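Chains, contacts and geometry: an overview
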Amino acid sequence: MSYLENINSPADVKKLNKKQLEQLCEEIRQFMINDVSHTGGHLASNLGVVELTVALHKVFNSPADQIVFDVGHQCYTHKIITGRRDRFATLRTEGGISGFTRPDESEHDIFSSGHSSTSISEAIGLAKAKSLRGDKGKVIAVIGDGALTGGLAYEALNNSGNENNNLVVILNDNNMSISKNVGSLAKSLTTIRTSPKYFTFRSRASRMIAKIPKIGSQLSRTITLINQKIRKRVYKNTFFENLGFRYYGPIDGHDLDALIDALTVAKAHNHSVFIHISTVKGKGYNYAEKDPSKFHGIGKFNINTGEPISKGKTFSDAFGDAIVNMAAKDTRICAVTAAMGEGTGLKQFSQEFPNRFFDVGIAEQHAVTFSGGLAKNGMVPVFAVYSTFLQRSYDQLIHDVAMQGLKVVFCIDRAGFVGEDGESHQGVFDTAYLMSVPDLTVFAPASFDELSSMLYQAIYKEEKAVAIRYPRGTQPVLPDDYSYEKENYYVYGDTDQDVCIVTYGRIFSQCAQAADECKNAFVIKLNKIKPIDEGVTDCLKNCRHILFYEEGIRTGGVGEVFASILEEKGIGTDFEHICINDEFIKQASVESQMKKYKMDRQSIVEHLNEIKD
């Protein structure tokens with residue numbers, strides 16, 4: 001019998017006994033592996049939390065009990081259980097369900113999330129609001145998979161206190177978060193303490209002792225104090241207990257009986273609870289268990305071999321090759337990553353130069369300031385980071401690097417449209433905030449060779465902080481007669497034309513193709529987008545129309561800076577800024593996103609023809 005086909009809500013999970021739940025977990029795993037092989041997604045992390053998620057919905061009553069998944073990339077089983085099984089094949093596709101939690105999809109998704117280490121802060125706020133409003137129900141934060149390496153999680157734990165009696169924090173420890181489990185005695189003690197029978201007995205005994213005339217309340221307090229001291233002796237690491245939590249763990253995160261017992265006790269507790277579970281990332285799929293980093297976030301793959309369906313060399317690969325070649329000749333060069341070594345192309349660097357490779361965990365703020373320290377003492381740190389994650393360290397970029405006049409190189413991967421990961425991961429905001437940082441130079445390559453050359457310039461020709469932003473995926477097709485000669489900008493076409501297209505990065509490919517087709521425009525490609533070389537305005541003498549195409553947000557973007565230069569120089573040519581307005585970009589393929597925002601070749605051709613007419 002298949003149980004999964006009858007699961008349409010958490011209520012259906014509650015009807016199953018533990019043996020049936022175990023079979024359900026296996027069915028969910030196979031269902032998930034099959035679908036993600038076609039859509040891509042965060043597979044390994046989700047395979048690791050199948051039992052936990054099933055147990056959560058068995059014990060708690062979502063959405064009255066609010067479950068907050070950190071990062072949101074551990075939510076696939078949750079989505080399947082909460083009525084989205086029939087739409088799971090649309091995961092991360094245009095118009096389909098998100099790869100992260102989304103409140104507009106389901107009342108069971110409490111926050112939209114895509115960035116790390118936020119769940120405990122959110123859960124504390126939710127729990128406090130419930131208390132203030134007199135609302136019933138628990139709030140459960142599911143953190144882990146590296147998210148406890150982020151500083152925000154510790155800020156939240158520091159603020160948790162003893163007063164959140166409706167708060168439960170679950171640490172999914174899959175060897176990506178904290179050190180080795182505490183000893184066997186602690187495990188045995190946890191087994192006893194999470195037994196519902198023991199918990200019921202202890203609660204009744206405490207009430208009976210408290211009722212003893214004259215000495216009852218004092219005796220109850222004494223017993224509680226003794227229990228606390230015993231726990232501290234046994235657990236040794238009292239960090240969570242000292243923060244005011246009742247700590248239970250470590251618990252086998254794939255043992256449904258143990259999980260259900262622990263969650264049942266947590267639900268009955270009149271105190272904040274911290275449950276530490278141990279899981280295997282990639283559980284149930286051999287290839288993912290052997291290489292969880294590869295299957296953390298993976299595109300489409302062959303389910304029988306575990307091999308990705310590759311689209312060829314990417315900008316991340318090109319960056320990785322370039323920095324390895326330079327580091328082999330220059331021992332000052334260091335590579336820094338925030339838990340994204342493989343995603344940013346640094347795997348080979350980490351193997352060849354382990355002493356100069358620094359993975360600081362999901363801690364972008366620390367990564368930037370740490371890089372500043374490296375630079376101050378004579379090293380050349382290169383921080384490789386996704387655009388969407390760099391925005392978490394904006395203050396450090398300003399205060400700890402740029403203001404100090406330090407040479408840190410920021411290699412910003414996934415700049416511009418990123419496709420299927422949706423709103424939380426689009427790399428369209430970095431230009432707006434980078435343009436405002438003094439003494440920061442920003443390059444925008446359109447090809448692998450340009451990326452390598454600009455990295456060389458950043459390391460050896462620039463004196464202060466430098467950013468190089470490049471897109472996700474493969475290299476676009478560039479004109480045969482185009483070559484990068486380290487100039488600040490490049491003019492493609494005949495400047496006698498009365499329409500000028502100004503752009504940067506990979507959109508140059510689309511703009512150049514459109515200009516070739518329409519024959520009424522030339523293109524200016526900005527190689528260095530900060531500072532903009534104002535000599536570029538000398539090319540605009542014959543222009544009636546300037547079209548600025550930008551794969552970024554309008555407000556504060558490069559196009560706005562370019563427009564201000566035109567105004568200052570008294571150039572009154574018609575100016576149009578084609579970019580992203582005040583909105584978040586929904587999930588779809590990059591090609592679809594380019595078309596929607598009129599940045600693909602055909603849309604540019606249509607625009608040029610309208611001007612011609």
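Residues numbered from 1 in each chain as written. Predicted model: local features only at pLDDT ≥ 70, side-chain atom pairs only at ≥ 80, totals over all residues. Heavy atoms only, no water.

1. Brief notes about the overall build of the protein
Put simply, the rule reads: A run of DSSP states H or I qualifies as a helix once it reaches four residues; a run of E qualifies as a strand once it reaches two. Both are numbered from the N-terminal end. Remark: exposure states derive from per-residue accessible area (1.4 Å probe, protein chains only) relative to the maximum for the residue type, with buried under 20%, exposed over 50%, and partly exposed in between. For this analysis, residues touch if any pair of their heavy atoms sits within 4.5 Å. Only the protein chains shown count as covering a residue, and every accessible area follows the Shrake-Rupley method with a 1.4 Å probe.
Looking only at helices and strands, the protein features 24 helices and 17 strands. Within the span of the protein, comprising 613 residues, buried residues form 56% of the whole. When contacts within the protein are restricted to residue pairs at least 6 apart in sequence, those whose partners lie at least 24 apart make up 75%. Carbon and sulfur atoms make up 49% of the accessible area of the protein, which totals about 25800 Å².

2. Things to note about the pattern of salt bridges
Quick note on the threshold: Any carboxyl oxygen of Asp or Glu that lies within 4 Å of a side-chain nitrogen of Lys or Arg is treated as forming a salt bridge with it.
Evaluated as defined, the whole model comprises 29 salt bridges. Between Arg84 and Glu105 there is a salt bridge; the shortest N-O distance is 2.8 Å. With Arg84 in helix 5 (residues 76-84) and Glu105 in the loop between helix 5 and helix 6 (119-133), the pair connects residues that are 21 residues apart, well separated along the chain. In this structure, Arg392 and Glu364 form a salt bridge, with 3.1 Å as the shortest nitrogen-oxygen distance. Placement of Arg392 in the loop between helix 17 (387-390) and helix 18 (394-402) and of Glu364 in helix 16 (residues 364-376) is noted, with a sequence separation of 28 residues between them. Taking the relative accessible area as the measure of exposure, Glu364 reaches 4% and is therefore buried. When salt bridges with common partners are traced through the structure, they connect Lys79, Arg84, Glu105 and Asp109 into a single cluster.

3. Topic: the packing of aromatic side chains
Formally: Between 30 and 60 degrees the pair is tilted, below 30 it is stacked and above 60 it is edge-to-face, where a pair is any two Phe, Tyr or Trp rings, Trp via its six-membered ring, whose centres lie within 6.5 Å. In this scheme, Lys NZ or Arg CZ marks a charge over a ring once it lies within 6 Å of the ring centre and within 35 degrees of the ring normal.
As enumerated under the stated definition, the model contains 28 aromatic pairs in all. Ring plane angle 25 degrees and centroid distance 6.3 Å describe the contact between Phe315 and Tyr470, whose orientation is recorded as stacked. Note that Phe315 is positioned in helix 14 (residues 315-327) and Tyr470 in the loop between strand 11 (466-469) and strand 12 (489-492), a separation of 155 residues in sequence. Residue classification places Tyr470 among the buried residues on the basis of a relative accessible area of 1%. Among the aromatic residues, those joined into a ring-pair cluster are Phe240, Phe245, Tyr247 and Phe274. Lying across the ring of Phe508, Lys525 places its NZ or CZ 6.0 Å from the centre.

4. A word on unusual backbone geometry
For the bond running from Ser62 to Pro63, omega is 10 degrees, close enough to zero to count as cis. For Pro63, the position within the fold is in the loop between helix 4 (50-59) and strand 1 (66-69). A positive phi is found at Lys519, a non-glycine position, where the angle reads about 65 degrees. Along the chain, the position of Lys519 falls in the loop between helix 21 (507-518) and strand 14 (521-526). The exposure class assigned to Lys519 is exposed, which follows from its relative accessible area of 62%. Despite not being glycine, Lys598 shows a phi value in the positive range, around 65 degrees. With respect to the helices and strands, Lys598 occurs in the loop between helix 23 (590-596) and helix 24 (601-612).

5. A closer look at the side chain of Gln426
Here is the rule we go by: Any pair of N or O atoms that falls within 3.5 Å is considered a polar contact. Within protein, one atom must be able to donate a hydrogen and the other to accept it, and sequence-neighbouring residues count only if both atoms are side-chain atoms.
Of note, Gln426 is situated in the loop between strand 9 (409-413) and helix 19 (430-434). Residue class for Gln426 comes out buried when judged on its relative accessible area of 2%. Reaching out from Gln426, the side chain makes a polar contact with the backbone nitrogen of Val418 at a distance of 2.9 Å. Excluding residues that lie within four positions of it along the chain, Gln426 makes contacts with Thr388, Gly416, Phe417, Val418, Gly419, Ile585, Lys586 and Gln593.

6. Quick notes on the nonpolar core
How we decide: In these notes, a set of buried Ala, Val, Leu, Ile, Met, Phe, Trp, Tyr and Cys residues joined through side-chain atoms within 4.5 Å is what counts as a nonpolar core.
With 63 residues, the main nonpolar core has Phe319, Leu455 and Ile468 as its most contacted residues. Considering every element that reaches this core, the biggest residue donor is helix 14, with eight residues. When residues no more than four places from it in sequence are discounted, the contact partners of Leu455 are Phe319, Ala322, Ile323, Met326, Val409, Cys411 and Ile468. If you look at the next biggest cluster of nonpolar residues, it comprises 53 residues, including Leu56, Ile80, Leu259 and Phe301.

7. Focus on the confidence of the model for the protein
Note the threshold: Every residue is assigned a pLDDT by the predictor, reflecting its confidence on a scale from 0 to 100.
With 89% of its residues at a pLDDT of 70 or more, the protein shows a mean pLDDT of 90. Considering only residues more than four positions removed or in separate chains, one finds that residues 177-186, a stretch of pLDDT under 50, has 25 contacts.

8. Considering the sheet that holds strand 10 (residues 441-443)
Our working definition: Any two strands between which DSSP finds at least two bridges are classified as paired. Fitted lines through C-alpha atoms serve as axes, helices being fitted only where they are in contact, and the angles separating the N-to-C directions of these axes extend from 0 to 180 degrees.
Spatial ordering of the open sheet is given by 7-6-8-9-11-10-15, a layout of seven strands whose pairing is mixed. The open sheet terminates on both sides in strands that have one partner only, identified here as strand 7 (357-359) and strand 15 (528-530). With direction set aside, neighbouring strand axes in the sheet form an average angle of 25 degrees. Two elements, strand 6 (residues 333-337) and strand 7, share three bridges in a ladder whose sense is parallel. Its bridge partner being in strand 7, Ala335 is matched across the sheet by Phe357.

9. Overview of the sheet that holds strand 5 (residues 273-278)
Pairing within the open sheet is parallel, and its five strands lie in the order 1-2-3-5-4. A strand with exactly one partner marks an edge of an open sheet, and here the two such strands are strand 1 and strand 4 (246-252). This sheet shows a mean twist of 15 degrees between the axes of neighbouring strands, independent of strand direction. The strands touched by helix 6 within the sheet are strand 1, strand 2 (139-144) and strand 3 (167-173), with strand 2 carrying the most contacts at an inclination of about 175 degrees.

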